[in-house]
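Structural overview
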Amino acid sequence: MHELRIELRPRSVLLLPGAGADGVLRRRGGVLERVLHVDDRPVIVRAAYSASRTAVLLGAWGATRGLCAVALARMRFAFGIDDDLGEFHRRFRRDPLIGRTIRALPGLRPPRRPDPFEALAWAICEQLIEFERAAVIERRIVARLGRRAPASTLSDLPTAATLAATAPALLESFELAGRRAIALRRVAREVASGRVDLSSEDHESGWRRLRAIPEIGSWTVESLALHGQGRLDQVPAGDLGLRKLVGRALTGDPRARAEESEVRGFFARYEPWSGIAAGFAIRGGLTRPGLAGTRL
């Protein structure tokens, strides 16, 4: 067993996330912990603040030093340690919509997954459903199909290949709606076959191929982009909370619901940080998301 530890000073103020609702990322005291698989081999990763809280301590334990290094790079991405948001903070800390939240919570970031397929799979599970119900489905998928870490209670998501070979009826038994169960398997097949490369720098090509799959629409792809590919310019515009927020801002009517195009147009003023700006707007309490995703 090899061990690799690094201490990193984030480029911008950073707030580490809490435990994940799907049970994959866990918190024990002040330490975050999960298992990642690199080339199908498990690596345990842990993260915590330094004593001064000015740095993040990352550790990995795996079969080789190289596997540990890859796992740490993925978690470094997931936590946004290398994201430089200084210009975003300077430009918008007095913004009438999000400035107050930026000043109060400068370390806030959109939650990210260390593997883009995780973000895509969970986006499908979260379509048209309350987040709490979606999290139950995700935990069931991990419990039944996920990968276990040896000598540990930690579990990772199943591979795309595993989900591609899973009968939709089994996914439905976890209370995933039938059409979404079929969509999840189709997406997994595209990823497992290499026809969609979620790690390619050409994100848009992959998005177009995914959008050709029934039940995969703009909200799902924008969620993948923001939460799995680090695209802070992408806004999941079908989110009910954002549609309420923008509808209220544009009309003054608390019952108004903006169209997706209006949501994207509203947050265009924050480019190239539209996605993170939308997160600050929601966190600011002007409205609260009711469904994880109201569109496909």
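Computed from a predicted model, the values in this text were never measured in an experiment.

Thresholds applied
Residues numbered from 1 in each chain as written. Predicted model: local features only at pLDDT ≥ 70, side-chain atom pairs only at ≥ 80, totals over all residues. Heavy atoms only, no water. Helix = DSSP H or I, 4+ residues; strand = E, 2+ residues; numbered from the N terminus. Rg over C-alpha atoms; globule rule 2.2 N^0.38 Å. Buried < 20%, exposed > 50% of the residue type's maximum accessible area, 1.4 Å probe, protein only. Contact = heavy atoms within 4.5 Å. Axes fitted to C-alpha atoms, helices over the stretch in contact; angles between N-to-C directions. Parallel < 35°, antiparallel > 145°, perpendicular 65-115°, else oblique. Nonpolar A, V, L, I, M, F, W, Y, C, P; charged D, E, K, R; others polar. Core = buried A, V, L, I, M, F, W, Y, C linked by side-chain atoms within 4.5 Å. Expected span 1.5 Å × (residues − 1). pLDDT = per-residue confidence, 0-100. Pairing = 2+ DSSP bridges. 1 Å grid on protein atoms, 1.4 Å probe; cavity = no way out; pocket = protein on both sides within 12 Å on 5 of 7 lines; lining within 4 Å. Points joined across faces, edges and corners; volume = space filled by probe spheres on them. Patch = residues over 30% accessible without salt bridge, like charges linked within 9 Å, V, L, I, M, F, W, Y side chains within 5 Å. Areas by Shrake-Rupley, 256 points an atom, 1.4 Å probe, with all protein chains shown as cover. Salt bridge = Lys/Arg side-chain N within 4 Å of Asp/Glu carboxyl O. Lys, Arg positive; Asp, Glu negative; His and termini not counted. Charge placed at Lys NZ, Arg CZ, Asp CG, Glu CD.

Structural notes on the overall build of the protein
On a plain count of helices and strands, the protein comes out with 13 helices and seven strands. Radius of gyration (C-alpha) of the protein: 19 Å, near the 19 Å computed for a compact globule of 296 residues. Projected onto the principal axes, the alpha-carbon positions of the protein cover approximately 60 × 50 × 35 Å. Counting over 296 residues, the protein shows a buried share of 53%.

Focus on the environment of Pro236
Mapping Pro236 onto the fold places it in the loop between helix 10 (218–228) and helix 11 (240–251). Residues Pro236 and Ala225, spaced 11 residues apart in sequence, show a C-alpha to C-alpha distance of 8.9 Å. Excluding residues within four positions of it along the chain, Pro236 makes contact with Trp219, Glu222, Ser223, Leu226 and Leu242.

A word on the packing of helix 11 against helix 12 (residues 260–267)
Where helix 11 contacts helix 12, the two axes come as close as 9 Å, and the packing angle between them is 70 degrees. By the criterion of interaxial angle, the relationship of helix 11 to helix 12 is roughly perpendicular. Touching Leu242, Arg243, Leu245, Val246, Ala249 and Leu250 of helix 11 are Glu262, Val263, Phe266 and Phe267, all from helix 12. Looking at the contact of helix 11 with helix 12 residue by residue, the classes come out as eight nonpolar, no polar and two charged.

Observations regarding the nonpolar core
Counting 35 residues, the largest nonpolar core has Phe117, Ile141, Leu184, Val187 and Leu210 as its most contacted members. If you list the elements that add at least two residues to this core, you get helix 4 (116–125), helix 5 (131–145), helix 6 (160–164), helix 8 (178–193), helix 9 (203–211) and helix 10. In contact with Leu184, not counting residues within four places along its chain, are Ala121, Ile124, Cys125, Ile141, Leu163, Leu171 and Leu176. Of all hydrophobic cores here, the second largest spans 25 residues; its members include Phe92, Leu232, Ala278 and Ala281.

Points about helix 8
The terminal C-alpha atoms of helix 8, which comprises 16 residues, lie 23 Å apart, in line with the 22 Å expected from a rise of 1.5 Å per residue. Those residues of helix 8 that sit buried are Arg180, Ala181, Ala183, Leu184, Val187, Ala188, Glu190 and Val191. Residues of helix 8 that are buried sit in contact with helix 4, helix 5, helix 6, helix 7 (168–173) and helix 9. Positive backbone phi, at 85 degrees, marks Gly194, one or two positions downstream of helix 8.

What about the confidence of the model for the protein?
Mean pLDDT over the protein stands at 94; residues scoring 70 or higher make up 96%. Within the model, the stretch residues 286–295 combines pLDDT values under 50 with 42 contacts to residues more than four positions away or in other chains.

Let's talk about the pairing of strand 4 (residues 41–49)
The two faces of a sheet get side chains in turn, since along a regular strand they alternate between them. As defined by bridge partners, strand 3 (residues 31–38) adjoins strand 4 across seven bridges and the pair is classed as antiparallel. Directly across from Arg34, in strand 4, lies its bridge partner Val45. Here strand 3 folds back onto strand 4, and the loop between the two strands holds two residues, one of which, Asp39, carries a positive phi near 55 degrees. When strand 4 meets strand 5 (residues 56–62), the two strands line up antiparallel, connected through six bridges. Its bridge partner being in strand 5, Ile44 is matched across the sheet by Trp61. What sits between strand 4 and strand 5 in their antiparallel hairpin is a turn of six residues, with Arg53 showing a positive phi close to 65 degrees.

Some words on the layout of surface pockets
Space inside the second largest pocket adds up to approximately 650 Å³. Lining the second largest pocket are 29 residues, and of these Arg74, Asp115, Pro116, Phe117 and Ser199 lie nearest its centre. Contributing elements (two or more residues each) for the lining of the second largest pocket: strand 3, helix 1 (65–79), helix 4, helix 6 and helix 8. Partitioning the lining of the second largest pocket into residue classes produces 13 nonpolar, eight polar and eight charged.

Some points on the environment of Glu201
Positionally, Glu201 belongs in the loop between helix 8 and helix 9. Taking the relative accessible area as the measure of exposure, Glu201 reaches 79% and is therefore exposed. Separated by 28 residues in the primary sequence, Glu201 and Gln229 have C-alpha atoms spaced 9.2 Å apart.

A closer look at the sheet that holds strand 4
Across the sheet, five strands lie side by side as 1-5-4-3-2; this open sheet has antiparallel pairing. Whereas interior strands pair on both sides, the edge strands pair on one side only; in this sheet they are strand 1 (2–8) and strand 2 (26–28). Here the average twist between neighbouring strands, direction ignored, is 25 degrees. Strands strand 1, strand 3, strand 4 and strand 5 of the sheet are contacted by helix 1, whose axis makes an angle of about 125 degrees with strand 3.

Observations regarding a positive patch on the surface
A cluster of basic residues, Arg93, Arg94, Arg100 and Arg103, forms a positive patch on the protein surface. Topologically, Arg93 is positioned in the loop between helix 2 (86–92) and helix 3 (99–104). Classification of Arg93 as partly exposed rests on a relative accessible area of 34%.

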